[in-house]
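Survey of secondary and tertiary structure
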Amino acid sequence: MRNDIIGLLLAFSGVLLIFMSATLITMNQAEAERPGKVPRTRVPRESLQGHRAPQNRSVGTATSRRRNASRVREKGSCLKFYTVASQPTSKFCMLLRTAVVAGVDLNVLGMGLEYAGNEMKLRYMVDELASVPPDCVIVFIDAYDVLFANTPPQQTLARYRQMTRQSGDQLIFSAECNCLAHNRSCEDFPPSPPGFPSRFPNSGGWISPASLAITFFKAVIANIGNKTDVHDQAYANDIFRIPELRERYSLGLDYRSRIFLSLTTGGGPGGRRDGVECRPVADYNHGNAFKNGVWTDPKRRVSPAVVHFNGGGKLFMGEWFNVWRQWWYGGGGKQKRDHPDGRVW
């Protein structure tokens, strides 16, 4: 009887999320009539408090990169999460539910608007970030194939600070196994650390100070020109593979999946890249490596904050979400957990 009731509650919560999203679409369509305004929606979550952005952010030469990274590390506490979504779907609702549990205040751009192609993600973000403090750290994720692990936002920020301290890079992309640069010029990309096969940028997840993200994505948009329905990741790869441009824009990769995990398999036959096995789904044997809302690669001992089910990984999103849901509801829906804000959810 209890399981039947919990099942009804789960179904109701899904319908409620879809209803809320549809309501937001109507509101955003009205908002979109205002010239130059990109609709922005927030997940129903309390705003993060106490965030102040430091001043005097600049993008400079290699000498200044570590100095700038130090500023982000020592002063920056402003953190904002963004995605772009035009319509509510069941997988979008999965993303929202994991965001709420993780305490992520997720800003959604473009809801209810026509999605003309992946370059719209870049244009929406450039427009939105113009009104954000320049030193505020921005996390961007795709909307329809991503789940949050139960990693507090401030822990994500702390990991980013550690990465900038170690590498000096400030705009850090998710790393994946597939090379999507135009003309397949994959030999120009730097090698990944030993034992970590992902060495190519994935534009479905990145973290950066706002001002640097604006500068970089304006360059990508200029490269795209008037083309529509383009592969934004290919254009980002085209810039990343050139050492001088990596230096100019302070670009790096999350090779060790400290924040972003890409679940696509790549590297040719057998899923290998440079002799290293590239089977991220197998590495994260989620039935055994999932604990307290977090997936862990037991071999490499890393636990990402964001899981991206891109490429062939999309086949596993529903299954992984069910593992997460069973954890949240206490194992097969037998017990509900308290909401992070103290509510029963």
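Because the structure is a prediction, the values reported are computed rather than measured.

**Some words on the state of the cysteines**
- For the structure shown, the criterion picks out two disulfides.
- Paired by a disulfide, Cys-78 and Cys-136 hold their sulfur atoms 2.0 Å apart. A torsion of -70 degrees about the S-S bond marks the disulfide between Cys-78 and Cys-136 as left-handed. Of this pair, Cys-78 sits in the loop between α2 (62–74) and β2 (79–84) while Cys-136 is found in the loop between α4 (119–129) and β4 (137–141), placing the two residues 58 residues apart along the sequence.

**What about the sheet that holds strand β14 (residues 306–308)?**
- Spatially, β5-β14-β9 is the arrangement adopted by the three strands of the open sheet, whose pairing is mixed. Of all the strands in the sheet, just β5 (146–148) and β9 (260–262) have a single pairing partner and so form its edges. Between one strand axis and the next, the sheet turns through 20 degrees on average, direction left out of account.
- As paired strands, β5 and β14 are joined by three bridges and run antiparallel to one another. Bridge pairing in β14 places Leu-147 opposite Val-307.
- With respect to the sheet, helix α11 (residues 317–328) is in contact with β5 and β14, its orientation differing from that of β5 by roughly 15 degrees.

**What to know about the nonpolar core**
- Membership of the largest hydrophobic core comes to 43 residues, with the highest contact counts inside it found for Leu-129, Ile-138, Phe-173, Trp-206, Phe-216 and Phe-217.
- Counting residues per element, the ones that place at least two in this core are β2, α4, β4, β6 (171–176), β7 (200–209), α6 (210–224), α7 (232–240) and β8 (251–254).
- No other element matches the nine residues that α6 contributes to this core.
- Phe-81, Val-104, Ile-172 and Val-306 belong to the second-largest nonpolar core, a separate cluster that totals 27 residues.

**Side note on the packing of helix α3 (residues 90–102) against α11**
- In the contact formed by α3 and α11, the axes pass within 11 Å of each other and the chain directions differ by 35 degrees. Considering the relative orientation of α3 and α11, their crossing is left-handed. When α3 is examined against α11, the residues Lys-91, Met-94, Arg-97, Thr-98 and Val-101 are found in contact with a partner set consisting of Met-317, Gly-318, Phe-321, Trp-324, Arg-325, Trp-327 and Trp-328.
- Class assignment of the residues belonging to the contact of α3 with α11 gives a composition of seven nonpolar, two polar and three charged.

**Some remarks on the side chain of Asp-238**
- As for its placement among the helices and strands, Asp-238 is situated in helix α7.
- At 4.2 Å, Arg-241 is the nearest oppositely charged side chain to Asp-238, a buried residue that forms no salt bridge.
- Excluding residues within four positions of it along the chain, Asp-238 makes contact with Ala-181 and His-182.

**With respect to α7**
- Where burial is concerned, most of α7 is hidden: nine out of the nine residues are buried.
- Within α7, burial applies to Asp-232, Gln-233, Ala-234, Tyr-235, Ala-236, Asn-237, Asp-238, Ile-239 and Phe-240.

Calculation criteria
- Residues numbered from 1 in each chain as written.
- Predicted model: local features only at pLDDT ≥ 70, side-chain atom pairs only at ≥ 80, totals over all residues.
- Heavy atoms only, no water.
- Disulfide = S-S within 2.5 Å.
- Helix = DSSP H or I, 4+ residues; strand = E, 2+ residues; numbered from the N terminus.
- Pairing = 2+ DSSP bridges.
- Axes fitted to C-alpha atoms, helices over the stretch in contact; angles between N-to-C directions.
- Contact = heavy atoms within 4.5 Å.
- Core = buried A, V, L, I, M, F, W, Y, C linked by side-chain atoms within 4.5 Å.
- Buried < 20%, exposed > 50% of the residue type's maximum accessible area, 1.4 Å probe, protein only.
- Left-handed = near helix turned anticlockwise from the far one by under 90°.
- Nonpolar A, V, L, I, M, F, W, Y, C, P; charged D, E, K, R; others polar.
- Lys, Arg positive; Asp, Glu negative; His and termini not counted.
- Salt bridge = Lys/Arg side-chain N within 4 Å of Asp/Glu carboxyl O.

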